[in-house]
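Here are the chains, one letter per residue:
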Amino acid sequence: MEFNPSRYYLLECSRKQSIADLKYGRVNCLRLRNQSLQDMIDLSYGLGTPFNVHEKNRSKSLIRKVTPAKDHAHEESANGNVYLSYHTENLSHLKPPNFVALFCERKDRNNQGYTLLSTIDDIKELLTESEIEILSSDKFTVYIEDSLNIDGIKAALPTKVPVFRDNKMFFDNLFMVPDADAVDAFEKLKQIIIQVEMKILLEPGDLLIFNNFTCVHGRSEFHPKFDGQDRCLHRLLILDEFNTSSPVIEFEKYPVVMNNNILETNNQLTMNLAKKSLNNTEIFIQKMKKVCIFEVEGGFDKHHAPHRREIVLIKDALKARNIYSEVVFYKDEDAYIYDYVASNFDFCLVRINPEFYPSYTKSKFFKLLTKFESKIICLPTANSIVNLDSKSIIYYIRNTLFGMADTNLYTNINDFKKNFQCYEQRVIKADHNAEGRGVFLVSNHLEEEPEIKTNRKSHYLRIIEAATNKEEIMTKENFAKVLFKENSQILDQKYLQKIKEMEIRIMLIEKKIIWIIVFIPKSEEWLANGDGIYYEPSKWPNLCKQMTNWLPQLEKYLQTKNCKLPFLWSADFIMQDDDHHYDSSQDICEYADKAQFVLSEINCSCLGFRQNSSQPNVALDIAEAIFNMSTVI
């Protein structure tokens, strides 16, 4: 399976799916083009934890450079250039890697030095049932391989092992010896491995990742000049702590490589040292926070691009703080998504706009998000989205500092038809709206019904949707049908004339105000939208003080719903109508900061942003907040 992404994030969906396929055994190996060493590390966190082991005369760095060395030229080893026979990587180690990643910096100048792979599925197809039965028995002695045998004394694992177990394969042509009654089956196995092999000539920028327990690998002979321009790969081992495996099942019988010795295993003190050494001495693990960014395929918010516009900014900001991130596209039918995310990430950051998608059911996604909350940190939680992103929150806080008493909530079509009164201009907001869609300016309109040729007048509504700014005339009954076709509740508020001047947004991370944004509508529009002008909070002392005083009131309400303030969210405000009017010669901050404000909306499920010459990069605030968060739930 090959992909050819031109940049890291543009085909994140394809790469994510490929890594998931590899992790869950749907494929045995992947070859990705145009990658880098950093990409290799980044992708490894989608499979497990990158690590390295102590090896004789080897560097202790996380990534091992695999290039021919003159003093190892004729050794059957990674740094040799003779044929390297098939094997499972680090078979005699306490915890062999689940996956092996090879990044190609330079290929052999003579197009030699192929990487060789054979898979367990291809191998078993050519074996008889009796041969598989023999190869699945504990009839094989595994000797400690040279690179792990620090003392150089020939030693074997304490128990005999099988080649096949639980659809996994443990094999080493050099260091595995069969019992007498298994010789024939073992020799047949070696022939078949060569018969079904794949020869892969890695090109510069290629990244090959394979499952160490379903593939055996080797290398063909090549002829280096030892001039610094020979074939050069970089190897990274990946350990999946949730799916570890070794040919020896009983840990207590396992000799462990540690501190230049193979430890004896005949006393408890040695065993305790061996277990303690696993993380402290033997395995070098880079600790890195890992963030899953949830998106949904499609949606008008992507503007025909594969991702929302801020995703690249978030990924780059997280990467700059040494935080791994990966976009995961949610689908209702994806049965693997819980295991994949829960076992590989510390955080999930939701970037799903509140609208309708073919592959997304809100209730199913919220159920999954709630399930995650016992395993990882959700930003925000499902409960926060339900209680804060819903338009009903504006109704429930109508009697607090920023509330407007003349606010109504309709929860069904009959409720709206019976109780909605348009005695003045009203703003109607559907529960699912974004970028002005589902937000209507409504006023009375008396019009003679064209189909009824009488002098009787009927009650009509004049309706302007914010997104299109187009006017429609319809009855209250028909308007109710439009509203409740895809919504379960509708918010109704008095229209404030000051919105024609500006709308003011406070952007927060939990309780911290990070930016004040002013949106000024175009002359022909009645609702502000677009990029907005960003201000430091210090420019708005009065509004920030009011917000700080109001937050405890909001938190008190949220406590009754068993939820807390969300991660990244915003509160949108309109100035109360008065006799003062803004013109472009006035300083916006000085003019507006003295006003009284009404809360018009809260956004927390997917607060969008972008960056240009006049806007800060909000992604940096997100990355900094996650960097400073504890991963303890």
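Residues take numbers from 1 onward in each chain, read along the sequence in its written order. Thresholds applied to this predicted model are a pLDDT of at least 70 for local features of residues and 80 or more for the giving and counting of side-chain atom pairs; totals over whole chains, interfaces and linings are not thresholded and use all residues. Processing note: side-chain calculations cover all non-hydrogen atoms of the structure and skip hydrogens and water entirely.

1. So, the overall build of the protein chain
What counts is decided by this rule: Segments assigned H or I by DSSP are reported as helices when at least four residues long, segments assigned E as strands when at least two residues long, and all are numbered from the N terminus. Throughout, a contact is declared for two residues whenever any of their heavy atoms are within 4.5 Å. All accessible-area figures derive from a Shrake-Rupley calculation using a 1.4 Å probe, and residue coverage is judged against the displayed protein chains alone.
The secondary structure content of the protein chain amounts to 16 helices and 32 strands. Considering only residue pairs separated by 6 or more positions, the protein chain has 74% of its internal contacts joining residues 24 or more positions apart. A total accessible area of about 28,500 Å² is found for the protein chain, and carbon and sulfur atoms account for 48% of it.

2. Points about the packing of helix α7 (residues 311-320) against helix α16 (residues 618-627)
In plain terms, the rule: Helix axes use the C-alpha atoms of the stretch in contact, all axes being lines fitted to C-alpha atoms, and the angles between their N-to-C directions lie in the range 0 to 180 degrees. Roughly parallel means an angle under 35 degrees; roughly antiparallel, over 145; roughly perpendicular, 65 to 115; everything else is oblique. Two helices crossing with the near one rotated counterclockwise from the far one by less than a right angle form a left-handed crossing, whereas a clockwise rotation gives a right-handed crossing.
Taken N-terminus to C-terminus, the directions of α7 and α16 make an angle of 45°; their axes are 8 Å apart at the nearest point. Comparing their axes, α16 and α7 come out oblique. Read as a crossing pair, α7 and α16 show a hand that is right-handed. For the pair α7 and α16, the contacting residues are Leu313, Ile314, Ala317 and Leu318 in the first and Ala619, Leu620, Ile622, Ala623 and Ile626 in the second.

3. Thoughts on the nonpolar core
To keep it simple, the criterion reads: The set of buried Ala, Val, Leu, Ile, Met, Phe, Trp, Tyr and Cys residues whose side-chain atoms join them within 4.5 Å is what this entry labels a nonpolar core. Note on classification: 1.4 Å probe, protein chains only; a residue is buried when its accessible area is under 20% of the maximum for its type, exposed when over 50%, partly exposed between these limits.
Phe294, Val341, Phe372, Trp540, Met547, Leu554 and Trp569 are the most contacted members of the largest nonpolar core, which has 85 residues in total. It is helix α14 (residues 541-560) that provides the largest number of residues to this core, a total of 8 residues. Excluding residues that lie within four positions of it along the chain, Trp569 makes contacts with Ile506, Met507, Leu508, Glu510, Met547, Leu551, Leu554, Ile602, Asn603, Cys604 and Leu607. If you look at the next biggest cluster of nonpolar residues, it comprises 32 residues, including Ile314, Ile517, Phe567 and Val618.

4. Concerning α7
All of the buried residues along α7 are Ile311, Leu313, Ile314, Lys315, Ala317 and Leu318. Of the residues trailing α7, Asn322 is marked for its positive phi of about 60°.

5. A closer look at unusual backbone geometry
Geometrically, the link from Leu379 to Pro380 is a cis peptide bond, its omega value of 0° lying close to zero. Looking at where Pro380 falls in the secondary structure, it is placed in the loop between β21 (377-379) and α10 (382-389). Of note, the phi angle at Asn34 is positive, near 55°, even though the residue is not glycine. Its place among the elements puts Asn34 in the loop between β2 (29-32) and α2 (37-44). By relative accessible area, which is 48% here, Asn34 ends up partly exposed. Despite not being glycine, Glu510 shows a phi value in the positive range, around 55°. Tracing the sequence through the fold places Glu510 in the loop between β28 (503-509) and β29 (512-519).

6. As for the packing of aromatic side chains
Operational definition: Two rings from Phe, Tyr or Trp (for Trp, the six-membered ring) form a pair when their centres sit within 6.5 Å of each other. Planes less than 30 degrees apart are called stacked, planes more than 60 degrees apart edge-to-face, and all others tilted. Any Lys NZ or Arg CZ found within 6 Å of a ring centre and within 35 degrees of that ring's normal is scored as a charge over the ring.
Under the definition given, this model contains 25 aromatic pairs. Ring centres of Tyr330 and Tyr360 lie 5.9 Å apart, and the angle between their planes is 85°; this geometry places the pair in the edge-to-face category. One end of the pair, Tyr330, is in the loop between β19 (324-329) and α8 (337-344); the other, Tyr360, is in the loop between β20 (347-350) and α9 (362-372), with 30 residues separating them in the sequence. According to the relative accessible area criterion, Tyr330 is buried, its value standing at 4%. Between the aromatic rings of Tyr340 and Phe345, the centroid separation amounts to 6.0 Å while the plane-to-plane angle is 75°, which identifies the pairing as edge-to-face. Taken together, the aromatic side chains of Phe294, Tyr330, Tyr338, Tyr360, Phe365, Phe366 and Phe372 make up a single cluster linked through ring pairs. The side chain of Lys124 reaches across the aromatic face of Phe164, ending 4.9 Å from its centre. Of note, Arg231 hangs over the ring of Phe222, and the distance from its end group to the ring centre comes to 5.6 Å.

7. Digging into the pattern of salt bridges
Heads up, the condition is: When a carboxyl oxygen of Asp or Glu is within 4 Å of a side-chain nitrogen of Lys or Arg, the pair counts as a salt bridge.
Within this structure, the stated rule accounts for 24 salt bridges. Two residues, Arg235 and Glu89, come together in a salt bridge whose shortest N-O distance is 2.7 Å. Residue Arg235 is located in strand β15 (residues 232-239), and its partner Glu89 is located in the loop between β5 (84-87) and β6 (99-106); the two are separated by 146 residues in the primary sequence. Measuring nitrogen to oxygen at the nearest pair gives 2.8 Å for the salt bridge that ties Asp179 to Lys160. In this pair, Asp179 sits in the loop between β11 (176-178) and α5 (183-195) while Lys160 sits in the loop between β8 (140-142) and β9 (164-165), placing the two residues 19 residues apart along the sequence. In the salt-bridge network here, residues are joined through shared partners; they are Asp406, Glu424, Arg426 and Asp492.

8. Some remarks on the sheet that holds strand β14 (residues 215-219)
Rule in force here: Strands qualify as paired when DSSP identifies two bridges or more between them.
Taken in spatial order, the 4 strands line up as β5-β14-β7-β12 in an open sheet, and their pairing is antiparallel. The two strands at the open ends of the sheet, each matched to only one other strand, are β5 and β12 (198-200). Sheet twist, expressed as the mean angle between neighbouring strand axes with direction ignored, is 20°.

9. Section: the confidence of the model for the protein chain
To keep things clear, this is the line we draw: Each residue carries a pLDDT score, the predictor's own confidence in it, on a scale running from 0 to 100.
Within the protein chain, residue pLDDT values average 81, and 81% of them lie at 70 or more. Mean pLDDT in the protein chain bottoms out at strand β17 (residues 261-262), which sits at 30, and peaks at α5, which reaches 96. Every residue in residues 1-14 is under pLDDT 50, and counting partners more than four places away or in other chains gives 35 contacts. Low pLDDT (under 50) marks residues 448-458, which in the prediction has 8 contacts with non-local residues, meaning those over four places away or in another chain.

10. Description of the sheet that holds β28
Strand order in the open sheet made by the 5 strands is β30-β29-β28-β31-β32, with antiparallel pairing throughout. Two strands lie at the open edges of the sheet, namely β30 (533-535) and β32 (597-603), each paired on one side alone. Geometrically, the sheet is characterised by an average inter-axis angle of 25° between neighbouring strands, direction not taken into account. Alignment of strand β31 (residues 568-575) against β32, held across 6 bridges, turns out to be antiparallel. Bridge pairing links Met575 to Phe597 in β32.

11. Regarding the side chain of Asp389
Put simply, the rule reads: In the analysis that follows, any N or O atom pair within 3.5 Å is treated as a polar contact, provided that within protein one partner can donate a hydrogen and the other can accept it, and provided that, for residues neighboring in sequence, both atoms belong to side chains.
Mapping Asp389 onto the fold places it in helix α10. Within the structure, Asp389 has its side chain in polar contact with the backbone nitrogen of Cys604 (distance 2.7 Å). Not counting the four nearest positions on each side in its chain, Asp389 is found in contact with Pro354, Ser384, Ile602, Asn603, Cys604 and Ser605.

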